Amino acid sequence: MLFQFQQILLQIFHKFNQERTISAPFHLLRGKRSGQTVQDVGIYQLHSYFGILPKLSRKKYDEELSIFVNEQFILIKEDGYYELTEKAFEHLKKSQELVFDGWHYRGNEHVFFARLSLVVQSLSHHLAGKMSFIPYQKDEQIQQWVRMFLKTNHYQDGQLQQKLLKEILNSLEHIAMEDRAKNILIYRLSGYNAAGFTWQQISFEENLKEMDLQLIYIASLHSWLNAIFLQVEEFPLLLQMVENIRVKNPLSGSAFQTAELFFNGHSMEQISRKRGLKMSTIEDHMVELAMNDPQFDVEQFVSNEDVQAVLAAVDDYNTRKLKVLHEVVPQLSYFQLRLVLARGERVEA
Amino acid sequence: MKLEDILNKYFGYSAFRPGQREVIEKVLDGKDVIALLPTGMGKSLCYQLPGYIFDKPVLIVSPLLSLMQDQVDQMKQFKEKRVVALNSFLNPMQKRASIQNLHDYRFIFISPEMLLQEQVQQKLNSMELSLIVVDEAHCISQWGFDFRPDYLRIGQVLGKPNRPPIMALSATATQKVLGDIEAYLNMDSPYKFIHSVDRPNIHLGKMLFQGREEKIEWILDHVTKTAGPGIIYTQSRLKTESLSQRLLQSGVTTAAYHGGMDPLDRQFIQQQFIDGSLDWIVATNAFGMGVHKQNVRQVIHESLPSNMANYMQEIGRAGRDGEDSLAILLYAEGDEELAKFVGIDDYPVDAHVDSYISYRSRNELPTSMIHNGEISETAFRVLDYWMNQLQPADVKQRLSSMKYEKMRAVEEVMDLIETNTCMREQLVHYFGQTLENRPEDCCQCCGLQYENIIRVREIIDAPSKELNWKRRIEQLLIGFS
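Residues numbered from 1 in each chain as written. Chains lettered and ligands numbered in written order. Predicted model: local features only at pLDDT ≥ 70, side-chain atom pairs only at ≥ 80, totals over all residues. Heavy atoms only, no water.

An unreviewed UniProt entry lists chain B under the name ATP-dependent DNA helicase RecQ, from Ureibacillus chungkukjangi.

Novice: Honestly, a positive patch on the surface in this entry has me stumped. Any pointers?
Specialist: Judged by side-chain charge, Arg147 and Lys151 of chain A together with Lys79 and Lys81 of chain B come together as a positively charged surface patch. Within the fold, Lys81 of chain B resides in the loop between α4 (65–77) and β3 (83–86). (Patch = residues over 30% accessible without salt bridge, like charges linked within 9 Å, V, L, I, M, F, W, Y side chains within 5 Å. Areas by Shrake-Rupley, 256 points an atom, 1.4 Å probe, with all protein chains shown as cover. Salt bridge = Lys/Arg side-chain N within 4 Å of Asp/Glu carboxyl O. Lys, Arg positive; Asp, Glu negative; His and termini not counted. Charge placed at Lys NZ, Arg CZ, Asp CG, Glu CD. Helix = DSSP H or I, 4+ residues; strand = E, 2+ residues; numbered from the N terminus.)

Novice: How should the sheet that holds strand β1 (residues 33–36) of chain B be read in this particular structure?
Specialist: Backbone-to-backbone hydrogen bonds join strands into a sheet, with any given pair of strands oriented parallel or antiparallel. Residues and elements named next belong to chain B. If you trace the seven strands from one edge of the open sheet to the other, you get β3-β4-β2-β5-β6-β1-β7, paired in parallel fashion. Each edge of the open sheet is held by one strand with a lone partner, namely β3 and β7 (191–194). Ignoring strand direction, the axes of neighbouring strands in this sheet form an average angle of 15°. For β1 and strand β6 (residues 166–170), the ladder comprises four bridges, and the chain directions are parallel. Counted as the bridge partner of Val33 is Met167 from β6. Along the sheet, helix α9 (residues 175–184) contacts β1, β6 and β7; its crossing angle with β1, the most-contacted strand, is approximately 150°. (Pairing = 2+ DSSP bridges. Axes fitted to C-alpha atoms, helices over the stretch in contact; angles between N-to-C directions. Contact = heavy atoms within 4.5 Å.)

Novice: Before we go on, may I ask you to explain the environment of Tyr191 of chain B in this structure?
Specialist: All names here are of chain B. On the secondary structure map, Tyr191 appears in strand β7. Note: C-alpha distance between Tyr191 and Val33 (158 residues apart in sequence) is 4.7 Å. Beyond its immediate stretch of four places on either side in the chain, Tyr191 contacts Glu22, Lys26, Lys31, Asp32, Val33 and Ile34.

Novice: It is not clear to me how the packing of aromatic side chains should be interpreted in this structure. Could you clarify?
Specialist: The geometry of an aromatic ring pair is captured by the separation of the ring centres together with the interplanar angle, meaning the angle of the planes. Under the defined criterion, the tally for this structure stands at 26 aromatic pairs over all chains. Ring geometry for Tyr10 of chain B versus Tyr52 of chain B: centroids 3.9 Å apart, planes at 20°, classification stacked. Of the two residues, Tyr10 of chain B is situated in helix α1 (residues 3–11) and Tyr52 of chain B in the loop between α3 (45–51) and β2 (58–61); the sequence distance between them amounts to 42 residues. For Tyr52 of chain B, a relative accessible area of 17% corresponds to the buried category. Each residue in the set Phe13, Phe68, Phe73 and Tyr82 of chain A is aromatic and connected to the rest through ring pairs, giving one cluster. Over the ring of Phe73 of chain A we find Lys87 of chain A; its NZ or CZ atom is 4.9 Å from the centre of that ring. (Phe/Tyr/Trp six-rings, centres within 6.5 Å; stacked < 30°, edge-to-face > 60°. Buried < 20%, exposed > 50% of the residue type's maximum accessible area, 1.4 Å probe, protein only. Lys NZ or Arg CZ within 6 Å of the ring centre and 35° of its normal.)

Novice: Quick question: what am I supposed to make of empty space enclosed by the protein here?
Specialist: In this approach the atoms are scanned with a rolling probe the size of a water molecule, which exposes any empty space left behind. Residue and element names in this part refer to chain B. Considering all chains together, one arrives at five cavities of 30 Å³ or more under this definition. The calculated volume of the largest cavity comes to roughly 100 Å³. In this structure, the largest cavity is lined by Pro38, Thr39, Ala171, Thr172, Val197, Arg199, Met312, Gln313 and Gly316. Residues of the lining of the largest cavity, tallied by class, amount to four nonpolar, four polar and one charged. Each of domain 1 (3–194) and domain 2 (196–229 + 293–481) gives at least three residues to the lining of the largest cavity. Roughly 60 Å³ of internal volume is contained in the second largest cavity. Forming the walls of the second largest cavity are Val197, Asp198, Arg199, Ile202, Leu204, Met312, Ile315, Arg424, Leu427 and Val428. Looking at the lining of the second largest cavity, the elements with two or more residues in it are β8 (202–209), α13 (308–315) and α19 (423–430). No other element matches the three residues that α19 contributes to the lining of the second largest cavity. Partitioning the lining of the second largest cavity into residue classes produces seven nonpolar, no polar and three charged. (1 Å grid on protein atoms, 1.4 Å probe; cavity = no way out; pocket = protein on both sides within 12 Å on 5 of 7 lines; lining within 4 Å. Points joined across faces, edges and corners; volume = space filled by probe spheres on them. Nonpolar A, V, L, I, M, F, W, Y, C, P; charged D, E, K, R; others polar. Domains from an automatic or database assignment.)

Novice: In this structure, what is going on with the interface of chain A and chain B? I would like to understand it.
Specialist: A common way to express how large an interface is: the accessible area buried when the components associate. Every contact between the two is made by 42 residues of chain A and, on the other side, 37 residues of chain B. Here chain A packs against chain B, burying approximately 3,700 Å² in sum over the two surfaces, 60% of which is carbon and sulfur. Scanning the region where chain A abuts chain B turns up five salt bridges. Arg188 of chain A is the partner of Asp262 of chain B in a salt bridge, and the nearest nitrogen-oxygen pair spans 3.4 Å. Where chain A packs against chain B, one counts 19 residue pairs in polar contact (both at pLDDT 80 or more). (Buried area = accessible area lost by both parts, 1.4 Å probe. Polar contact = N/O pair within 3.5 Å; in protein donor to acceptor, adjacent residues only side chain to side chain.)

Novice: Please explain unusual backbone geometry as it appears in this structure.
Specialist: Across the chain, the bulk of peptide bonds are trans and the bulk of non-glycine residues have phi less than zero. At the junction of Gly228 of chain B and Pro229 of chain B, the peptide bond is cis and its omega measures out at -5° in the coordinates. Residue Arg106 of chain A is not a glycine yet carries a positive backbone phi of 50°. Looking at the secondary structure, you find Arg106 of chain A in the loop between α6 (102–105) and α7 (109–127). Overall, Arg106 of chain A belongs to the buried group, its relative accessible area being 19%.

Novice: Is there a simple way to explain the sheet that holds strand β11 (residues 280–283) of chain B in this structure?
Specialist: Residues and elements named next belong to chain B. One open sheet accounts for six strands, arranged β8-β13-β12-β9-β11-β10; its pairing is parallel. If you trace the sheet from one side to the other, it starts and ends with β8 and β10 (254–257), each paired once. Pairwise comparison of adjacent strand axes, ignoring direction, gives a mean angle of 15° for this sheet. In the sheet, β10 pairs with β11 via four bridges, with the strands oriented parallel.

So, in structure tokens, the structure goes:
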């Protein structure tokens, strides 16, 4: 029996297809904003895991990894690459995994929950007739946001509690999610004379490891957020709380500038000169763009025929290694290959 | 307006507690003051009340970020808007804005690190203050258990001619430390208010064991049979978790508390403890600062504190309401070695001095030692301070004598274990005071029956509290379940 975290890790190692080093999953989980990690998200279809554990320490990661080695799930080679064992593949067949949406939330789910927590804490105190209290959320921005929210929604009328309760119940009830996961979410909230439960306390009640608990918590937040976005008209209050939570433009700042110039008709060479950036950097940006923007047309760089050839090669040789693909489709440059891979099986944006 | 009226208007109290009036009057006269008041005796009122009389800001230097945040929260809760905390929690934009408007605040809390920054000093030099408060002033003394090198510079920064009065506050300081406070802050023949450190309603127990497991067995037995609320202090984060887990399994509502936990979790625990939904906390010495719980009935030390001042401060969290409370110090053979190890564990050694020098000679910043994992931040602060004051050989000398001092501090706690005479007397003597009276059931040596002090634990048949998210959110938002 593997713990959640290990299952997720195994899943990621599997998706990397043994073509990256053992450090790649670590950077992915922490959501590293480097060209390599971001492009790998596209190439290996790892959107769901991106940045779900921004605070994961290398020490903790290495500990889990050494369990994998001891349990013979994985062989680590001297050059830092790895191989999954038969035992690992057996496990992958039967494993049930949590569903994340890391790519779209990138840690912002915690902002949503902080807002919700402070709103609930405020309303609970208001209900008890306590007009002043010490907020658990210390972040000034969150506090200001909540103050505005309460005013805009006329909390003095005393109706807001009921309305919010209804939205929370309705939105959560219809999500296909274990009650256990809903408990984890709701018991992290606090109110008047009712401090939230600590991870240790929930873990004791639900008999789960704390790390797993937190992963379920994050996955549940992602599901909840997605549910809210699917039926915005049903949840007017929650809709306010998800303001700016979902990443609309997943491009990094620099890539975004390149994209703007590109869409304004500049060629890659012109952009490179104008921005004083190396051509290879501009290529990185274009790959990021191909990954993220459904409007971006890969065929202005690669013919449809060649795209098909690359995708066929990926299947035939079961690899996404550029070197191998370049041998099979030699007429394409590495840049073109990366564009195709980035585009390949793009998830719905 | 009379002081009492101000006390009533702004704080809602009708009378001062011992020492408060004297201290406030001296400060209003423009005199420097050192006040030694036990925790929970209204130290902060001593500078908050003058803040409402003066028309210039009060500057409060405070070493502990969590404590600072706690005080600011409390003041804001009482509708004081003109309060700000300048510390490393601020982002650059907030920091700039706060510094720019510094003169508009009534109370300015600041960390010593922040005080030393150029832009802060410039701003402070351009404005007038009414009072400078140095909280936890014992941190200035290298003999203090919590030496903060940055504190030594406070005197240099704030000790300008025409400076406002300085108020140095502490809960625990020996004679030697008091001397250091006066000297390093360049105080001008300060008025001293020294409250007795004795807390007659806290009864001092101790228990000796052969081995560690026996000690744990005793705790499990004792805690399941006697009434809390209580705190168990232990050394390591790991131990807080394992012991709390065992208590939970025995049906006692318990939580672990240590500095490495999620900050939100720490707040939850403090609040649950204050609410009464949590009976026991198993904690490292990170627990207690800013926890205002009046009715703590027991404090148990599973491991030896690293010095008398820590012991005093930790047992002082019991019985703030003045009711009888029990402090039990547990000892198993070899515990003093462990305490010494913990005491000097986070302390720079000779190798760090050498490493510091080689960083310098390679033209690298010695702070990289922290990032490279060679040394902890606290240890580096001490090292860095001395490396800037003394020659390397003298630094080594200094470090070794301080290390020796820390080991001796553990021996002083051991005296409490080994003594056959009054523990209370010994404790009070340590702080350079004399014991006036002995309460009934004074201490283990004078004769102490635990059952005279604490009650038997009532086992309430708690309704099954299986988690139920619907019930919970209803309870939070509409108040019934």
